[in-house]
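# Structural description and commentary
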Amino acid sequence: MIEILSPGVMASVQDMGRPGLRNLGVGSTGAMDARALHIANLLAGNEPGTAGVEFTLGGFSLRFHADTVFALTGADAGARLDGEPVPAWWVRRARAGQTLTAGMAGRGMRSVLAVSGGIAVPDLMGSRSTDLKGGFGGHEGRLLRAGDRLETGPAEAPAMGERGFGLAAGRLGLLPPQGEAEIRFVPAAEWQVHGPAIRERFLASSWKLLPDSNRMGYRLSGPELRRETPLELLSHGIIPGTIQLPPAGQPVIQLNDANTCGGYPKLGVVIEADLATLAQVRLGDHIRFRAVDRAEALAALAERAAFLDRLPERIALARDYSMRSAGHD
Amino acid sequence: MTDPHAAELRDLIDHLARRGVVWLSVHAGEEALEIGLRPATAAPPPPPAKIVTAQGPGLFHPRHPDSGTVPPCIEAGDFLFPVAGGEGDEPLAAAGAVVGYGTPLMRRAGASEGGKNG
């Protein structure tokens, strides 16, 4: 069991969400940085889609009530276990009574905690994710609060040295973006209808992520992309990553907690491989879009999948190495 | 004692006493000085400094390469493995150096925590 002492700005239980239920009006939800959750789970000895806790901008604190193994990925919030630094993309043991605290994230937006056995909240419609808009799933269908106690599932924690090990995240390209982030998208839907002036300005501009952005969507600020004649559409299905252009001329990116349908004209869709990067862009930072075709989008996804597929075997070797090193402590 | 070397002599006596020396005799020809030693403090003698060595091959990072904090790490393949060490320890290998089994990495400053290997 873990006890939330402070959730920080915003924390919720998330797994890989509820795909395939949009026809019922049930949104995706799930970890915003799915890659970070996937890797955290592998490090903690779980299946990739096991439920963990997503923290926003750090500032959290929690206590372990049983010996366990945990992994922390995503944004580096300078976490410490009873005062001992725990870098991001790291897995290690925790003893009952130890406290994990984090400062404000210095780089990136979201940290993901995976605990051996996963967070054992009820499975609802195939997922343990919190649907904040619908008020169901996760822990009581809501954001985590101080004092919440989260049970963990049964598991045999993987063997490793006490202080564990980490991923060489910088070299592996896992670190959150710093400064302007390049986000790839596939132009789609009404892209051609918007005309060359809007298309060129959209591609040439650096877009600021506004502070009222959240898990539902990112609001962007930049040059106005107003159409001379309004374009009205019937509501239609949208997916996380859909880039819309509302009448005010400032793009919006729909994300995990968005409605399942919307009616604004679209510019395209962020490629799935870049959603993890997008999730880590900090409020106030900038995004520049690069148009790619479907083939490049699929190649990027295949490259990420290949990396994730190789990880379990490598992590097993790393655990062995960690054990041997620990034997000399 | 008002000799200008009194402080240095006091340090020497403390240093020897902490290492278990209980009697100091200094002879100069016919003259002899004998001093019974008692340390000025009751602190136990510090253990000798410990050298942390590498337990496998890799690149040595005196600080975590991404966060810049402790722990020092050895990078092997896609992974970082912590090396025993903390603030104030003295790196014995250069940052980014290729190290192998047994390569000296750090000299522990806090000797009471010493003896760990990376």
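Just so you know, these numbers come straight off a predicted model, no measurement behind them. (Residues numbered from 1 in each chain as written. Chains lettered and ligands numbered in written order. Predicted model: local features only at pLDDT ≥ 70, side-chain atom pairs only at ≥ 80, totals over all residues.)

### A closer look at the overall build of chain A
Which entries qualify depends on this criterion: Every helix listed is a DSSP run of H or I at least four residues long, and every strand listed is a run of E at least two residues long, numbered separately from the N terminus. Each radius of gyration is computed over the set of C-alpha atoms, and the globule rule expresses the reference value as 2.2 Å times the number of residues to the power 0.38. Burial is judged by counting other C-beta atoms within 10 Å of a residue's own C-beta: 20 or more means buried, 12 or fewer means exposed, and anything between counts as partly exposed, with every C-beta placed from the backbone. Our contact criterion uses C-beta atoms placed from the backbone: two residues qualify when those atoms are within 7 Å.
Along the backbone of chain A there are five helices and 21 strands. For 329 residues, the compact-globule formula gives about 20 Å, and the C-alpha radius of gyration of chain A, at 20 Å, lands near that figure. In terms of its C-alpha atoms, chain A occupies a principal-axis envelope of roughly 70 × 40 × 30 Å. With 329 residues in all, chain A has 49% of them scored as buried. In chain A, the share of contacts with a sequence separation of at least 24, taken over all contacts with a separation of at least 6, comes to 76%.

### Concerning unusual backbone geometry
Residue and element names in this part refer to chain A. Despite not being glycine, Glu-140 shows a phi value in the positive range, around 60°. With respect to the element layout, Glu-140 can be found in the loop between β10 (107-115) and β11 (149-150). Using a count of 15 C-beta atoms within 10 Å as the deciding quantity, one classes Glu-140 as partly exposed.

### Quick notes on the interface of chain A and chain B
Cut-off, in case you're wondering: Any residue that is not Ala, Val, Leu, Ile, Met, Phe, Trp, Tyr, Cys, Pro, Asp, Glu, Lys or Arg is counted as polar, Gly included; the first ten are nonpolar and the last four charged. Pairing between two strands is assigned when DSSP locates at least 2 bridges connecting them.
Taken together, the contact between chain A and chain B spans 21 residues of the former and 21 residues of the latter. For the side of chain A that touches chain B, the secondary structure elements donating two or more residues are β12 (165-167), α2 (169-172) and α5 (294-326) of chain A. Top contributing element to the side of chain A that touches chain B by residue count: α5(A), with six residues. Class assignment for the residues of the side of chain A that touches chain B results in eleven nonpolar, five polar and five charged. Judged from the two bridges that link them, β12(A) and strand β6 (residues 79-82) of chain B form a sheet pairing that is antiparallel.

### Regarding the domain arrangement of chain A
Residue and element names in this part refer to chain A. Under the convention used in this document: The split into domains, and so the bounds of each, comes from an automatic or database assignment of domains.
The domain boundaries assigned to chain A delineate domain 1 (2-174) and domain 2 (181-292). On a C-alpha basis, the centres of domain 1 and domain 2 stand 28 Å from each other. Those elements that provide at least two residues to the side of domain 1 that touches domain 2 are α1 (34-44), β5 (68-76) and β10. For the side of domain 1 that touches domain 2, a count of residues per class yields six nonpolar, eight polar and five charged.

### Quick notes on the nonpolar core
All names here are of chain A. We count it as follows: Residues enter a nonpolar core if they are buried, belong to Ala, Val, Leu, Ile, Met, Phe, Trp, Tyr or Cys, and are joined to the set through C-beta atoms within 7 Å.
Ranked by internal contacts, the top residues of the largest apolar core, which has 102 residues, are Ala-40 and Ala-114. Per-element tally for this core: the top contributor is α1, with eight residues. If we ignore the near neighbours within four places in the chain, the residues touching Ala-40 are Gly-52, Ala-71, Leu-72, Thr-73, Val-112, Leu-113 and Ala-114.

### Focus on the sheet that holds β5(A)
To summarise the sheet geometry, strands pair through backbone hydrogen bonds and adopt either a parallel or an antiparallel arrangement. Spatially, ten strands are ordered β2(A)-β3(A)-β10(A)-β5(A)-β8(A)-β12(A)-β6(B)-β5(B)-β4(B)-β8(B) in an open sheet, and the strand pairing comes out antiparallel. Each edge of the open sheet carries a strand with a single partner, namely β2 (10-14) of chain A together with β8 (98-99) of chain B.

### With respect to the environment of A:Leu267
All names here are of chain A. Looking at the secondary structure, you find Leu-267 in strand β20 (residues 266-270). Owing to 26 C-beta atoms within 10 Å, Leu-267 belongs among the buried residues under this scheme. For Leu-267, the residues in contact, after removing those within four places along its chain, are Pro-187, Trp-191, His-194, Phe-202, Ile-243, Leu-245 and Pro-251.

### Re the sheet that holds strand β9 (residues 104-107) of chain B
Read from one edge to the other, the open sheet built from three strands follows the order β3-β9-β7 (chain B), with strand pairing classed as antiparallel. The open sheet has two edge strands with one neighbour each: β3 (51-53) and β7 (90-91) of chain B.

### Regarding the pairing of strand β2 (residues 31-36) of chain B
All names here are of chain B. Burial analysis of β2 places just zero of its six residues in the buried class, a small minority of the element. Note that strand β1 (residues 23-28) and β2 share six bridges and pair antiparallel. Its bridge partner lying in β2, His-27 is registered against Ala-32. Connecting β1 to the next strand, β2, in antiparallel fashion are two residues, including Gly-29 with a positive phi near 65°.

### So, α1(A)
Residues and elements named next belong to chain A. With respect to burial, α1 is a largely interior element, eleven of its eleven residues being buried. Among the residues of α1, Ala-34, Arg-35, Ala-36, Leu-37, His-38, Ile-39, Ala-40, Asn-41, Leu-42, Leu-43 and Ala-44 are the ones counted as buried. Gly-45 occupies a position one or two residues after α1 and carries a positive phi of about 85°.

### Quick notes on the confidence of the model for chain B
All names here are of chain B. Note the following rule: Think of pLDDT as the predictor's per-residue confidence, scored from 0 to 100.
With 75% of its residues at a pLDDT of 70 or more, chain B has an overall mean of 76. Ranking the elements of chain B by mean pLDDT puts helix α1 (residues 6-18) last, at 73, and β6 first, at 94. Segment residues 111-117 is flagged for pLDDT under 50; beyond a separation of four residues in sequence, or across chains, it makes 20 contacts in the model. Taken together, the chains of this predicted complex give a pTM of 0.85 and an interface ipTM of 0.90.

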